[in-house]
Amino acid sequence: MTGNRHIPGGLTYLAVALTLTWACWLPAAAVTHPEVSQALHYLGGVMPLAAALFFLWRWHPAAARRAYWRGICGSGRIRGRWWLVVLFLPAACTLLGAGVDRLLGGSGPVWEGPTTPRGLLVQAATLLVFGPIPEELAWRGYAQGRLQERFSPLVACGIMVVLWLVWHLPLSAVEGAYQHYLGLGPRFWLFLADKLPLTLLLGWVWLRCERSTLAAILLHWAVNLTGELLALSVRAEMFMVAGYWLLAAVVVWRGGARLRWPSRTASASQRQRLVWR
């Protein structure tokens, strides 16, 4: 196995992941057969994970591969109140936005989820498999750590924001994709607007839970599940996104023992411990 100096950097990985995904999603937007478009849609969604696994297999030492899997399987890294954060923070922001909207004369949240426990379980499982698992195994599980070998975690999160926004763009033209359903109306712009605070919050949770990819998966899943179960007015959604922005700003401003993100001037050994501990 080659040494660290030969491992492609995080930016190289992101370029590969983006290229592979777009190679699936651009044709998905062009084909006229729904089955083919859907297959390409799903295939593009797993390309970042496939690229991450290939990079790990091809260039990383065994210790790095073990650390990667420990970040996924180590539920013990999520302690105490962090379970509440990863599972219920999105619901709290959603209900806050809906509550403010209701005080201003709006209708409040509307339940749009299944009406049976079995239906709810199926929807929850589907939303876990399609999105949070393949994305977070790539973005937080691999890319975030690789970027932090060169940049501070805050800058790494900024790079991930740009990547996440650009990565989603072709889906606006893919029939059946959530982004296609949004069109170019206000909900599309709100979808884009929440990517920066959500990326910061996902990076924050990942770091505070000892680089737990599982924590990021669960938070991402909770965001998607809440959005599918509770329908909001555009105004309520604006307040919800504002809540995410406010929370992200507080997180960055206050910092903390693990959120005092190290500068890029840290030594190579310090950066390595941050990534592969």
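First, a word on scope: everything that follows refers to the structure included in this document. (Residues numbered from 1 in each chain as written. Predicted model: local features only at pLDDT ≥ 70, side-chain atom pairs only at ≥ 80, totals over all residues. Heavy atoms only, no water.)

### A few points about the pattern of salt bridges
Counted only if it meets this: Each salt bridge in this description consists of a side-chain nitrogen of Lys or Arg and a carboxyl oxygen of Asp or Glu lying within 4 Å of one another. Under the DSSP-based scheme used, a helix requires at least four consecutive residues in state H or I and a strand at least two consecutive residues in state E, with every element numbered from the N terminus. Accessible area is worked out with a 1.4 Å probe on protein chains only. A residue is then buried under 20% of its type maximum, exposed over 50%, and partly exposed in between.
Enumeration according to the criterion identifies six salt bridges in this entry. Of the charged contacts, one joins arginine 79 and glutamate 210 as a salt bridge, the two residues approaching to 2.4 Å between their closest N and O atoms. Taken as a pair, arginine 79 in the loop between α3 (62-73) and α4 (81-103) and glutamate 210 in the loop between α10 (195-208) and α11 (213-229) lie far apart in primary sequence, 131 residues in all. The exposure class of glutamate 210 is partly exposed, given its relative accessible area of 24%.

### Digging into the environment of valine 174
Applied cut-off: Residues are treated as being in contact if the distance between any of their heavy atoms lies within 4.5 Å.
Structurally, valine 174 can be placed in the loop between α7 (153-168) and α8 (178-182). Judged by its relative accessible area of 0%, valine 174 is buried. C-alpha separation for the pair valine 174 and histidine 41, spaced 133 residues apart in sequence, amounts to 7.6 Å. Not counting the four nearest positions on each side in its chain, valine 174 is found in contact with Trp25, Ala28, Ala29, Ser37, His41 and His180.

### Details of unusual backbone geometry
Positioned with a positive phi, glutamate 210 is a non-glycine residue whose angle comes to about 60 degrees. You will see that arginine 211, though not glycine, has its phi angle at about 60 degrees, which is positive. As for its placement among the helices and strands, arginine 211 is situated in the loop between α10 and α11.

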